[in-house]
Structures are given as C-alpha cells and as structure tokens.
Amino acid sequence: MPIRFSERASEAYHYPLLIRHLLHSPLADSAAQEIVYRDQFRCSYAQFNARLGRLANGLASRGVEAGTTVAVMDWDSHRYLECYFTVPMMGAVLQTVNVRLSPEQIAYTLQHARAEVLLVHHEFLQMLDGIRERLPALKSIVLIADGKTVGAAPEWIDDEYEALLHRSSAEFDFQDFDENAVATTFYTTGTTGDPKGVCFTHRQLVLHTLAVMATGSSMAGGQGFRRDDVYMPLTPMFHVHAWGMPLVALSMGLKQVYPGRYEPAKLLRLIVREGVSFSHCVPAILQMLLNCPDGREMDLDGWKVLIGGSALPESLAIAALERGIDVFGGYGMSETCPILCVAQLTPEVLRRPFAEQVRIRCKAGRAAPLVQLRIVDDEMNDVAHDGIAQRSEEHTSELQSRQCI
C-alpha cells in the first residue's frame, strides 16, 4: 500500500526555529571570516564557535541551566555577541542590561528578571557595589576585565570572563528544545513608571532574522544589507539586540566590527580602517559623527546607515548624502523584535528628483516580509497610506470634471 502524504509528513524532522541553527551556514561557508573588537581582539568564525562552547561550559560551572537568567552589562563587544548565542543556546535566558539607566532602575530590572548570573564590565563595578545588596537572586558575578589590569577585585567577584573561558572545554553538547522557549529579555523605558520587561522566544528571533535578511537583499540599488558588507552596530547591543542586526550579520557570514564604548573619533577610525559599509543608529549618533572634527576629511563614501529610534530629519539626510553616506530610515518597536519597515528606494523612486528621494528616505518605509501593517484613524478605519486623505466618489468625479474643462 502506498504511503500517504500525511504519513510522510508525520515522519519528517520537526525542525525547531532555534538560535543555534543560525550558525549552520556561516560555520560551513565562512569559517575564516573575521569578528573584530576595537584594536584589541580578532577571531575567525571557527574560533568564535569554540568560544561559544567554552562560555557554555564556564556558565554551566557557575550553575547556569535551562531557564536560568544570565544578565550582561557590557559595551558593544565580541563578548556580547558570544552571549547572544551561548546563553539562549543553553536554554537559558539572556538579559541585556541597559547600562544607561539609573542604578535604582538597573537594580529593579535585574531583580525583576530574577538574574542569577551577571557578567559585568569593570567600568560598572562601582555602580554595582552600591546596588548588590538589593539583588538576593544573584548567585554569581563574573568580571569582564576587557584587557585591563583591575586592582584587587572585590570579594564578591567570583570569576573573570577570559579566565573562565580559558580553563573551559570548547566542546559543549547544545540540544534542541521547544522553539517557543524564551531566549532573551530586556527592559524598555518608553512608558511611565518602572521599566517594562520585554521578552522574545527563539522562534521570534529566528523569524525576525530571516525577515530582515530578505529585506536587506530585496533591493536592486542601495539601502541593502548583503554578503559583501562589513557590519558595525551603532545601536547599543543592550537595546533590542542591537535591532537584531548582529544575528543577521552572523547568519550571512559577514565581517563584523564591534566598537566598545562609543567615542566619535575612534568610531570613525574603525569605520575607515576596517572598511565598514553598514551600520545603524539613532539620528543623534550620526549627527555626532558628521560633526566630529577628526572625521571631516575621512572618506565615508558608500557607508550605508539605517536610522531608527526617531524620525530621520531631512537636513541630516542631506548632510549625510553629501558625504556619500547612503542614509535611510526605518521603523520598529521594542515589542516587535523590533524592525517592521525600512525606507528602501525602488528603481522608480531613484529616477525622481533628489529632493523627493530625500523625503522618501526619511519615511518609515515599506513593511518587511511577515509583517502586516495598517494605517488607521481614531475609529480604526483604514486611511490612505500616501498622506493624502481619501476622497469621496462625488469629490473625485467633481475633480475629474474640472480637469476636463
């Protein structure tokens, strides 16, 4: 008797959408690709993968298991990228701590998330010392020395990040599990009162990664994110996973550059030295870089910059375009993982006058794949998406009559 299709389907491997599966292609195709941290660290994707195993074993030795919340307080670095993958791949939950919050707010978010392990950059030790007693759930604190010789470490420090990796095995057996397991959590301050927790599952993050990959590769002209790009985030990695772009960059096998703490002159030197061709940031960061005296003579031609967080002003867009920067806007929210739409220019728009192209670059843009958007009025009725109020049939007929006269 022939096997029915439904029976065959039931025998198929139910491939879970897990963050660890984003590593398959880049490790197979781009094992020699580089990950760079300032002028302090370089490694290949193959070495990065070994560090993931070492970090997993090190965290396991500190009691991390499925469901444990591991918090990170660091500047943008290769370490943060390692945590983006290792912690969720263990079935644990990664909390990306907003280091720009007040100490009281940071204490609230760590306690609310029930963080049990904290990886903390040495620059935040003094602040952490002031709130540590308010964190009864915290069981282990690992110092990120970041290449510095930190004096006598406080007695409440349990380990140091690189030392933890150095003595740990690179072999770790990451298992499959439910794709709806929570992978990450962070806190948004876009409302009144205490910061509000947001969490994402493996499934959500993988689908967001695939949708952004499709968006970045869909345009014939500029505003793309492709395999020949060199990526550097200028949105903090604690904020919505740096808009999810590091996951996209690694999945595509791109060279990645992580700048640490944002210092304008150092950022510009990294961009030029490493050949960075794609970044994303809020308008204030781009303005800061354009106004930096050290960068006025630097060649930024061909650098693509996605702007979010607030609307891209036309004056800033023009200033960037005059420097050869392919700048364009986008829109998203913390609660949506976050990217919803991107202002990519179609071939038809590229034939329009410069001023009109600038205006379109500053819009929210077109919806990404898997995103359904509606523009509605206060009564939830659909309205025109072109900025022109819908006219009644009578008004349209009247206009047509006038045009014919």
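Residues numbered from 1 in each chain as written. Predicted model: local features only at pLDDT ≥ 70, side-chain atom pairs only at ≥ 80, totals over all residues. Heavy atoms only, no water.

### Some remarks on the nonpolar core
Phase 1: Among the nonpolar cores identified, the biggest contains 84 residues, and Phe48, Leu81, Tyr84, Phe85, Leu119, Phe225 and Tyr231 are the most heavily contacted of them.
Phase 2: Tallying contributions element by element places helix H4 (residues 78–89) first for this core, with seven residues.
Phase 3: Beyond its immediate chain neighbours, meaning those up to four positions away, Tyr231 contacts Phe225, Ala242, Met245, Pro246, Ala249, Leu254, Lys255, Gln256, Val257, Tyr258, Phe278 and His280. (Core = buried A, V, L, I, M, F, W, Y, C linked by side-chain atoms within 4.5 Å. Buried < 20%, exposed > 50% of the residue type's maximum accessible area, 1.4 Å probe, protein only. Helix = DSSP H or I, 4+ residues; strand = E, 2+ residues; numbered from the N terminus. Contact = heavy atoms within 4.5 Å.)

### Quick word on unusual backbone geometry
Excluding glycine, a negative phi dihedral is what most residues carry, and trans is how most peptide bonds are arranged.
Phase 1: Of the consecutive residues Cys337 and Pro338, the connecting peptide bond is found in the cis state with omega at 5 degrees.
Phase 2: Following the sequence through the fold, Pro338 ends up in the loop between strand S14 (326–332) and strand S15 (339–342).
Phase 3: A positive phi angle is found at Val240, which is not glycine, with a value near 50 degrees.
Phase 4: As for its placement among the helices and strands, Val240 is situated in helix H9 (residues 240–243).

### Some points on the environment of Asp159
Phase 1: Turning to its location among the elements, Asp159 is positioned in strand S7 (residues 159–160).
Phase 2: With a relative accessible area of 11%, Asp159 lands in the buried category.
Phase 3: Among the polar contacts listed, one links the side chain of Asp159 to the side chain of Arg62, at a separation of 3.5 Å. (Polar contact = N/O pair within 3.5 Å; in protein donor to acceptor, adjacent residues only side chain to side chain.)

### Re the packing of aromatic side chains
Phase 1: Taken as a whole, this structure holds eight aromatic pairs when the rule is applied.
Phase 2: Relative to Phe85, the ring of Phe48 lies with its centre 6.2 Å away and its plane at 90 degrees, an arrangement referred to as edge-to-face. Separated by 37 residues along the polypeptide, Phe48 in helix H3 (residues 45–61) and Phe85 in helix H4 bring together distant segments of the chain.
Phase 3: Of the residues examined, Phe48 reaches a relative accessible area of 1% and is grouped as buried.
Phase 4: We classify Phe85 as buried; its relative accessible area is 0%.
Phase 5: Taken together, the aromatic side chains of Phe225, Tyr231, Tyr258 and Phe278 make up a single cluster linked through ring pairs.
Phase 6: Above the plane of the ring of Tyr37 lies Arg79, whose end atom (NZ or CZ) is 5.0 Å from the centre. (Phe/Tyr/Trp six-rings, centres within 6.5 Å; stacked < 30°, edge-to-face > 60°. Lys NZ or Arg CZ within 6 Å of the ring centre and 35° of its normal.)

Any functional reading would require information that these geometric values do not contain.
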